[in-house]
Amino acid sequence: MPYVTRDSDGQITSIHIERDSEAHEEIDVSSSELQAFLEKSGSTQHGLLKEDLAASDIDMIRVLEDLIAVLIDKRVINMTDLPAAAQTKLSRRYGLRSKLTDLGSIVGDNEELMLP
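Residues numbered from 1 in each chain as written. Predicted model: local features only at pLDDT ≥ 70, side-chain atom pairs only at ≥ 80, totals over all residues. Heavy atoms only, no water.

Caption draft 1: Summary view of the pattern of salt bridges. Within this structure, the stated rule accounts for six salt bridges. Here Glu-25 makes a salt bridge to Arg-6, at a shortest N to O gap of 2.6 Å. With Glu-25 in strand E3 (residues 25-26) and Arg-6 in strand E1 (residues 3-6), this residue pair connects regions lying 19 residues apart in the sequence. For Arg-93, the salt bridge is made with Glu-65, and the minimal N-O distance between the two is 2.6 Å. Linking Arg-93 in helix H3 (residues 84-109) with Glu-65 in helix H2 (residues 43-73), this pair joins segments that are 28 residues apart in sequence. (Salt bridge = Lys/Arg side-chain N within 4 Å of Asp/Glu carboxyl O. Helix = DSSP H or I, 4+ residues; strand = E, 2+ residues; numbered from the N terminus.)

In structure tokens:
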């Protein structure tokens with residue numbers, strides 16, 4: 001859920017994807033007050049909020065991927081408990097991350113090697 005800042009009259013003045021020192025009030029995305037602010041602010045603010053949410057989706061994907069790995073490592077679930085499509089996608093991501101890790105050690109050992 002987004003966080004908002006308010007002016008002295010209690011009106012929403014800005015929306016933030018994360019809590020900070022100014023934006024500490026969490027508000028439901030379907031709130032009529034938030035919708036009214038977005039309409040009043042125009043599509044620019046709404047577009048920025050959508051961009052922030054999309055960026056946080058990428059972070060959440062990584063969190064979920066790591067969570068699944070922990071659950072599998074602790075034998076809470078098995079990879080085979082997941083649907084076949086999920087198994088395929090996770091296996092592909094694990095393979096890609098493994099290659100990236102391997103590439104990182106190669107670059108670390110050969111500092112003169114420059115990658116594009």
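That covers the picture; the talk isn't over yet.
Caption draft 2: Looking closely at unusual backbone geometry. For Arg-75, which is not glycine, the phi dihedral falls at a positive 60 degrees. Summarising the element assignment, Arg-75 is placed in the loop between H2 and H3. On the basis of relative accessibility, which here comes to 70%, the residue Arg-75 falls in the exposed class. (Buried < 20%, exposed > 50% of the residue type's maximum accessible area, 1.4 Å probe, protein only.)

Caption draft 3: Representation of a nonpolar patch on the surface within the structure. Together, Met-60, Val-63, Leu-64 and Leu-67 line one region of the surface with nonpolar side chains, adding up to about 360 Å² of accessible area. Residue class for Met-60 comes out partly exposed when judged on its relative accessible area of 44%. (Patch = residues over 30% accessible without salt bridge, like charges linked within 9 Å, V, L, I, M, F, W, Y side chains within 5 Å. Areas by Shrake-Rupley, 256 points an atom, 1.4 Å probe, with all protein chains shown as cover.)

Caption draft 4: Here's a closer look at the side chain of Glu-65. Residue Glu-65 is classed as buried on the basis of its relative accessible area, which comes to 4%. Every residue in contact with Glu-65, bar those within four places of it in the chain, is listed here: Leu-90, Arg-93, Tyr-94 and Arg-97. (Contact = heavy atoms within 4.5 Å.)

Caption draft 5: The environment of Ala-55, seen in detail. Looking at where Ala-55 falls in the secondary structure, it is placed in helix H2. Along the primary structure Ala-55 and Ile-17 are separated by 38 residues, whereas in three dimensions their C-alpha atoms are 9.8 Å apart.

Honestly, it's all geometry; don't read function into it.
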